[in-house]
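# What the coordinates show
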Amino acid sequence: MDASTRTATEESDRREAVVECTRVTRTYARGGSGGWFSFGSDDRDDRPTVTALEDVSLTVERGEFVGLSGPSGSGKSTLIHLLSGLDVPTEGTVTLAGEDVSALSQGELTRLRLEQVGIVFQRFHLLPSLSARANVALPLVERGIGKAERREQAADLLERVGLGDRLGHRPGELSGGEQQRVAVARALAGDPLVVFADEPTGELDTDTGAVILDLLADLAEDRAVVLASHDERALDRTDRVIRLRDGRVKDA
Ligand code: ADP
Ligand code: MG
């Protein structure tokens with residue numbers, strides 16, 4: 001939709017789309033002897049494909065906390081990868097912070113992601129040999145921020161997630177919930193416009209997971225947060241839920 005895309009990129013507008021996809025499809029070439037069949041019947045080159053997402057359109061605005069639900073294999077992670085610029089669609093358009101990701105070079109896309117996107121994964125993905133503070137500071141290295149400033153910002157972010165007294169701890173010295181809080185702090189380094197969380201409570205018990213959900217809900221006040229989860233209790237915390245099934249958005 002041209003009109004809404006144009007509107008979304010005007011900074012003066014009150015409603016600001018931070019990420020948007022239009023008629024997005026993502027197919028994967030089926031490798032090796034996998035058991036997946038092809039959903040598409042018109043493969044002309046004998047190469048069966050898996051359609052992970054089909055004809056998905058959505059818009060997320062600043063200030064929104066949006067849930068992405070669906071059973072395992074429904075396409076949640078694939079959609080997060082596309083919306084966050086980690087992957088590009090086979091068909092359709094993804095617009096992230098006003099930029100069409102398919103029109104960018106690899107370097108431009110990396111830079112856009114670095115500046116506008118934070119991601120929290122199910123399994124934390126912290127570097128085990130680095131302190132909590134150094135893990136959080138890492139994205140700031142790539143952004144060219146000097147050491148003293150990085151250390152200060154990382155300490156502030158860890159303070160914000162309630163870990164101000166754990167700056168020097170390594171991931172192995174922290175509980176799962178604490179490690180995920182470090183990952184949330186790292187996602188916030190550089191003050192991104194949108195934070196994606198892919199099953200962030202999947203490895204955590206309910207109470208610990210609730211702390212992470214509180215943090216994510218809080219973050220959505222001045223940016224956007226997209227939470228992929230199959231946990232209805234987690235989805236209950238969001239402003240609205242987009243439901244996926246077999247790679248398609250289900251009608252509400
Ligand atoms: P979810 O996160 O909801 O569990 P995914 O996005 O991981 O779902 O997967 C959606 C579908 O795409 C599944 O059928 C999955 O097997 C397939 N898929 C995901 N990634 C790949 C890949 N790299 N290669 C082939 N198929 C994939
Ligand atoms: Mg997934």
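The chain is annotated in an unreviewed UniProt entry as ABC transporter ATP-binding protein of Halorussus aquaticus.

### A few points about the sheet that holds strand β8 (residues 224-228)
Within a sheet, each strand pairs with its neighbour through backbone hydrogen bonds, oriented either parallel or antiparallel. The six strands are arranged β6-β7-β8-β3-β9-β10 in an open sheet whose pairing can be described as mixed. Both edges of this open sheet fall to β6 (117-120) and β10 (248-249), since each of them pairs with a single strand only. Across the face of the sheet, helix α3 (residues 106-116) comes into contact with β6 and β7 (194-198) while running at roughly 75° to β6. The sheet contacts of helix α7 (residues 206-219) involve β3 (65-69), β7 and β8, and relative to β8 the element is tilted by about 145°.

### Description of the pattern of salt bridges
By the definition in use, this model includes 15 salt bridges. Salt-bridge contacts for Glu64 lead to Arg240; the nearest nitrogen and oxygen are separated by 2.7 Å. Residue Glu64 is located in the loop between β2 (49-61) and β3, and its partner Arg240 is located in strand β9 (residues 240-245); the two are separated by 176 residues in the primary sequence.

### Focus on the side chain of Glu64
We classify Glu64 as buried; its relative accessible area is 17%. Within the structure, Glu64 has its side chain in polar contact with the backbone nitrogen of Glu61 (distance 2.8 Å). Setting aside residues no more than four positions away along its own chain, Glu64 makes contact with Thr59, Ala220, Arg223, Ala224, Val225, Asp239 and Arg240.

### Things to note about the site of ligand 1
In the region of ligand 1, eleven residues are neighbours, and Gly73, Gly75, Lys76, Ser77 and Thr78 sit closest. For ligand 1, an oxygen atom lies 3.2 Å from a polar atom in the backbone of Ser74. Separating an oxygen atom of ligand 1 from a backbone N or O atom of Gly75 is a distance of 3.1 Å. Contact with the protein chains covers 67% of the free accessible surface of ligand 1, which is 560 Å². Top element by residues in the shell around ligand 1 is helix α2 (residues 76-83). It accounts for three residues.

Conventions adopted
- Residues numbered from 1 in each chain as written.
- Chains lettered and ligands numbered in written order.
- Predicted model: local features only at pLDDT ≥ 70, side-chain atom pairs only at ≥ 80, totals over all residues.
- Heavy atoms only, no water.
- Pairing = 2+ DSSP bridges.
- Helix = DSSP H or I, 4+ residues; strand = E, 2+ residues; numbered from the N terminus.
- Contact = heavy atoms within 4.5 Å.
- Axes fitted to C-alpha atoms, helices over the stretch in contact; angles between N-to-C directions.
- Salt bridge = Lys/Arg side-chain N within 4 Å of Asp/Glu carboxyl O.
- Buried < 20%, exposed > 50% of the residue type's maximum accessible area, 1.4 Å probe, protein only.
- Polar contact = N/O pair within 3.5 Å; in protein donor to acceptor, adjacent residues only side chain to side chain.
- Near = heavy atom within 4 Å.
- Areas by Shrake-Rupley, 256 points an atom, 1.4 Å probe, with all protein chains shown as cover.

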